[in-house]
Amino acid sequence: MSVVETRGLAKRYGRTIALQDCDLTLPEGQLAALVGPNGAGKSTLLNLVVGLSRPSSGEVVVLDGIPAGSLAALDGIAYVAQDMPLYRNLSAADMIHLTRNLNGTFDDAYAQRRLDDLGIEPRRRSGRLSGGQRAQLALTLALARHPRLLVLDEPTASLDPLARHDFMATVMAAMAEDGVSVVLSSHVLSELERVADYLVLISHGRVRIDGVVEDLLGTHRLLTGPTGGERDPGWHAVQETAAGAQTTLLARTVAPVPTAQGWESRPVTLEELTMAYLREEKPSTPWTLVEVAS
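Just so we're clear, the structure is a prediction, and the values are computed from it rather than from any experiment.

Some words on the sheet that holds strand E13 (residues 246-252)
Sheet architecture is open: four strands sit in the order E12-E13-E11-E14, paired in antiparallel fashion. The sheet is open, and its two edges are formed by strand E12 (236-243) and strand E14 (264-267), each paired on a single side. Strand-to-strand, the axes of this sheet are offset by a mean angle of 20 degrees, without reference to chain direction. Where strand E11 (residues 220-226) and E13 come together, seven bridges link them in antiparallel fashion. Bridge pairing in E13 links histidine 220 to arginine 252.

Written as structure tokens, this is what we have:
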């Protein structure tokens, strides 16, 4: 089952193309990480998924075939934006009351219990909470709806490392306990290394790569060898750096071990893989992992 599926999805704002030719299938029960530079089209894609915007062309469905933006889709999706949309003059208790009245399903006991566990005073105004507490309150309001899909648009961007860790710990607990699927947009690659099951990389409004993280890492290697030396024809160099007689490649490979003489290899990290594709000077045809060579 998929929680997000797009086909030929595109979004334009006047003459500006924010997203184009987007074909994705995000699996249920996983944390899908959405990465890319500012202006790449990440927030545009998330707005289309949660129904805050409509496609210029193509289609997007959620929760195994429900049209995005429909009432059925809205009932099953919770969204936390980067700016933590809380009314600053309302207390935490007021925000719970308001959210409960605006939604058909809301677990009041869960929300109250989380406030107690977090040490957030219910009568304290949202605007007087710390950044970490505001993030946790926004997340509490989202999770109290018990969504099937939780969409997070850079929710930890302004948080300190401890607050980011606590926020993501709550997200992972919700996945384990309630089975919620997550789509997370983030610039913190070290954080994604720990939590991401699936990776989607967007650049210049297009999906560059997507696939299960384990499989993507398994089909890429960091290779070091002689400049100008023989290369295996099964390598596709994503990023190449030459320093005198030695060249380093981050390459997509059809075999786990290079066969060309004089070359050494090691596995890549998620951060190395992501940075290589973001720095790709002449982006290749968007690539989706179909099969991992053994």
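Description of the sheet that holds strand E4 (residues 57-62)
On the basis of which strands lie adjacent, the open sheet formed by four strands has the order E2-E1-E4-E5 and antiparallel pairing. Two strands lie at the open edges of the sheet, namely strand E2 (16-27) and strand E5 (66-67), each paired on one side alone. Note that strand E1 (residues 2-13) and E4 share five bridges and pair antiparallel. Its bridge partner lying in E4, valine 4 is registered against valine 62. Against the sheet, helix H1 (residues 42-50) makes contact with E1, E2 and E4, and its axis sits at roughly 120 degrees relative to E1, the strand it touches most.

Let's talk about the pairing of strand E3 (residues 31-35)
Burial runs high along E3: five of the five residues are buried. Burial along E3 is two-sided: the residues Leu31, Ala33 and Val35 and Ala32 and Leu34 are all buried. Pairing geometry for E3 and strand E9 (residues 198-203), over four bridges, is parallel. Looking at E9, one finds that alanine 33 is bridged to leucine 199.

Brief notes about the side chain of threonine 140
Its place among the elements puts threonine 140 in helix H5 (residues 131-143). A relative accessible area of 0% places threonine 140 in the buried class.

Some points on the pattern of salt bridges
One side chain can pair with another of opposite charge once the charged atoms of both are near each other. Under the counting rule described, the total for this entry stands at six salt bridges. Across the pair glutamate 121 and arginine 123 runs a salt bridge, and its minimum N-O distance is 3.2 Å. Given the relative accessible area of 70%, arginine 123 is considered exposed.

Cut-offs applied
- Residues numbered from 1 in each chain as written.
- Predicted model: local features only at pLDDT ≥ 70, side-chain atom pairs only at ≥ 80, totals over all residues.
- Heavy atoms only, no water.
- Pairing = 2+ DSSP bridges.
- Helix = DSSP H or I, 4+ residues; strand = E, 2+ residues; numbered from the N terminus.
- Axes fitted to C-alpha atoms, helices over the stretch in contact; angles between N-to-C directions.
- Contact = heavy atoms within 4.5 Å.
- Buried < 20%, exposed > 50% of the residue type's maximum accessible area, 1.4 Å probe, protein only.
- Salt bridge = Lys/Arg side-chain N within 4 Å of Asp/Glu carboxyl O.

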